[in-house]
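A look at the structure
Listed below, chain by chain, are the residues.
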Amino acid sequence: MKRERLTMSQALVKFLDNQYVEFDGVETKFVSGIFGIFGHGCVVGVGQALEQGGHNLRFYQGKNEQNMALAAVAYAKQMDRRAIIPCVSSIGPGATNMVTACGCATANRIPLLVLPGDTFACRQPDPVLQQAEFFDNYGRTVTDAFRGVCHYFDRIERPEQLMTACINAMRVLTDPADTGAVCLAMPQDVEGEAYDYPEHFLQKRVWHIDRRPIALTQLERAVKLIKSAKKPIIVCGGGVRYSAAEEELLRLAVAHNIPITETQAGKGIIDWKHPLNLGGIGVTGGKAANVIARDADIVIGVGTRFTDFTTSSKWLFNENRKVLGINICPFDAYKMDAEAVTADAREAIVAIDEALGDYKTAYAGEIAAAKTEWDAIVDEFYTKELDGGLSQTRALGIINEFMAESDIALGSAGSLPGDMQRLFRPGSRGTYHMEYGYSNMGYEINGALGAKLAQPDREVYTFCGDGSFLMGHSELYTSLQEGLKINVCVFDNLGWGCIENLQNNQGTDTFGTVFRARNPVTGMLDGEDMTVDFAKIAEGYGAKGYSIHNSEELKAALEDAKKQTKSVVFDIKVMPKTMTPGFESWWRVGVAEVSKSATVAAAYKDMQENIAKTFDY
């Protein structure tokens, strides 16, 4: 057996460079680059291996470990999970900075490979710089924090362990039913240790993403359930996108007259203009989808996790409804006490469509009426001008209407995801990119870099609040370094407006959710507004900044930005509390059971009344 003597890090780089995936006969390179921030835990290990060359991996210099990993999450999502950018860090804070990004990846079922440095396996120089010591277990290190947020965790304590670690990492990263974050922790001494690696481990390896067919018995049960329904609905989730099943799903809906509703991950797969597409469903959904869903007798979930936002905390659907869960992941297929179909979305949809024959639902004109009413509501939000200034929904409408068919809209947290699921009208497939499984503030700008890396020929518009901008925007600098233009739309409403609304709606007065100075008289954060010039911050980085206070300034800035070749930041000053309200939905949060406030007590009573209308599983 031919072998090659390499350090563990050199073998890792060579292995990653030779990984490919095949889906529907199309073979693509799975790893083309690596994000990294070098420190003593990795610069002489993986850093040395990358520097010496002999590979085809492009190195991307991150500026914050969490943010570069979020960019990697967005890249994998935009690539429909068929390509990744691994992330390398030092030990200590460099490593644990990536824990949040791993939680984000796992929550959203997105493959992310993190390669944090770790303390010495030999323990000779302990305690080393940035090592946290645990008195109960000397073998425990801070990288054990990754165990709680990763689908696979391994610590490589000998160089030969790399082989089983890498094979198992790739098994998870390429499995559509079990993908998420993967952590291979690498003690810094082992990164530089050598081993005679067998040639076959380092050669090209193709991982096949096979379509898993629906079982005959599952098909029979699914068809029987649907045929028993008069008014079923479809909940289109992200699994439809990753299965590339949108054409088949639409064909089934049209053939049998079944309305389609969208989750955040499923939005933008079916043309929003289609007569059967009722738009977003649930807490951040629109009136059309939620009204029709309330009367549905069968809920057909395709590739959805049925989160609390999709189901309105299991309040949305009527008590007599039944659920059919079509999902490649058994964990998700059985949710909501569903009749489970564990199969590839496209394979299951095609088989069910054919087996339904001439079945038709009992819907008459209610689908068209609901859609017509909702389209008019969206038009009003998008066009209405307010006397006091620029509303958030008006600004969103201007940008949405300006964007080209192929431009990517990206978001994550705050009130904007609600506005976007309800109102946004995406262009072509893959142009609506929302991270809402983890609602990760700080994803927006960093994710825009990842989306741009995935599709550099498209314009990327990322939508974030001032609070999210302040939490994480380091990779704006990296976008300039790489010559990758992103369009950052900062909606500045002087605080965390979404949470202030939630706070107020549950009976509590505004507290700690707006950005105000400390008042020397009261001692509270109720002084003057803290105003920030985000355009000037952008210009300090070398980007182009625009200060915007009204519709005309926004329109002029968008036009000028099209001429720019570097990243731009739109500093859009919007009026607080001008986001969309909820439509026929409810969301459960933990309201205080006892309080001195009458409004909080009323909110608690309301919560109890709504809990009585929900399902427990």
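Preceding this section is the structure that the text describes.
What you see is a predicted model; the values in this text were computed from it and never measured.

**A look at the overall build of the chain**
Broken down by element type, the chain carries 25 helices and 23 strands. Expected size for 617 residues packed as a compact globule is a radius of gyration near 25 Å; at 25 Å, the chain falls within 12% of this value. Referenced to the eigenvectors of the C-alpha coordinate spread, the extents of the chain come out at roughly 70 × 70 × 55 Å. Taken over 617 residues, the chain has a buried fraction of 58%. Within the chain, counting contacts between residues at least 6 apart in sequence, those at least 24 apart form 76% of the total. When the accessible surface of the chain is summed, it comes to about 24,700 Å², and 51% of that surface belongs to carbon and sulfur atoms. Charged side chains of the chain number 62 positive and 78 negative; the gap between the two group centres comes to 3 Å.

**Topic: the pairing of strand β22 (residues 544–548)**
One face of the sheet, then the other: side chains in a regular strand alternate in exactly this way. In the sheet, β22 pairs with strand β23 (residues 568–573) via five bridges, with the strands oriented parallel. Each bridged residue has a counterpart across the sheet, and for I548 the counterpart in β23 is I572. Taken together, β22, helix α24 (residues 551–561) and β23 constitute a β-α-β crossover, and its handedness is right-handed.

**Quick look at empty space enclosed by the protein**
Applying the stated criterion to the full structure yields six cavities of 30 Å³ or more. Contributing to the lining of the largest cavity are 17 residues, with W272, G279, W374, D375 and R422 lying nearest its centre. Of all the elements in the fold, those that place two or more residues in the lining of the largest cavity are β14 (277–280), α16 (366–383) and α18 (416–423). Along the lines of polarity and charge, the residues of the lining of the largest cavity split into seven nonpolar, four polar and six charged.

**What to know about the pattern of salt bridges**
Pairing between side chains becomes possible if they bear opposite charge and their charged atoms approach one another. Inspection of every chain in the model, using the stated rule, returns 33 salt bridges. In this structure, D344 and R211 form a salt bridge, with 2.8 Å as the shortest nitrogen-oxygen distance. Of this pair, D344 sits in the loop between β17 (339–341) and α15 (345–356) while R211 sits in the loop between β11 (205–208) and α9 (216–227), and the two are 133 residues apart along the sequence. We note that D344, like R211, is buried. Salt-bridge contacts for K287 lead to E373; the nearest nitrogen and oxygen are separated by 2.8 Å. With K287 in helix α12 (residues 287–294) and E373 in helix α16, the pair connects residues that are 86 residues apart, well separated along the chain. For K287, a relative accessible area of 25% translates into the label partly exposed. Judged by relative accessible area, E373 falls into the partly exposed class, the value being 37%. In this structure, a network of salt bridges that share partners links the residues D80, R82, R241, E246 and R429.

**Here's the deal with the side chain of T304**
Within the fold, T304 resides in the loop between β15 (298–302) and α13 (308–311). The buried category is assigned to T304, whose relative accessible area is 6%. Within the local environment of T304, its side chain forms a polar contact with the backbone nitrogen of F306, the two atoms lying 3.1 Å apart.

**Here we look at the pairing of strand β16 (residues 322–326)**
For β16, the tally of buried residues reaches four of five residues, placing the bulk of the element in the interior. Judged from the five bridges that link them, β15 and β16 form a sheet pairing that is parallel. Within the sheet, the bridge partner assigned to V299 lies in β16 and is V323. Bridge analysis of β16 against β17 gives three bridges, and the strand direction is parallel. Looking at β17, one finds that L324 is bridged to E339.

The rules behind these values
- Residues numbered from 1 in each chain as written.
- Predicted model: local features only at pLDDT ≥ 70, side-chain atom pairs only at ≥ 80, totals over all residues.
- Heavy atoms only, no water.
- Helix = DSSP H or I, 4+ residues; strand = E, 2+ residues; numbered from the N terminus.
- Rg over C-alpha atoms; globule rule 2.2 N^0.38 Å.
- Buried < 20%, exposed > 50% of the residue type's maximum accessible area, 1.4 Å probe, protein only.
- Contact = heavy atoms within 4.5 Å.
- Areas by Shrake-Rupley, 256 points an atom, 1.4 Å probe, with all protein chains shown as cover.
- Lys, Arg positive; Asp, Glu negative; His and termini not counted.
- Charge placed at Lys NZ, Arg CZ, Asp CG, Glu CD.
- Pairing = 2+ DSSP bridges.
- Right-handed = clockwise from strand over helix to strand, strands pointing away.
- 1 Å grid on protein atoms, 1.4 Å probe; cavity = no way out; pocket = protein on both sides within 12 Å on 5 of 7 lines; lining within 4 Å.
- Points joined across faces, edges and corners; volume = space filled by probe spheres on them.
- Nonpolar A, V, L, I, M, F, W, Y, C, P; charged D, E, K, R; others polar.
- Salt bridge = Lys/Arg side-chain N within 4 Å of Asp/Glu carboxyl O.
- Polar contact = N/O pair within 3.5 Å; in protein donor to acceptor, adjacent residues only side chain to side chain.

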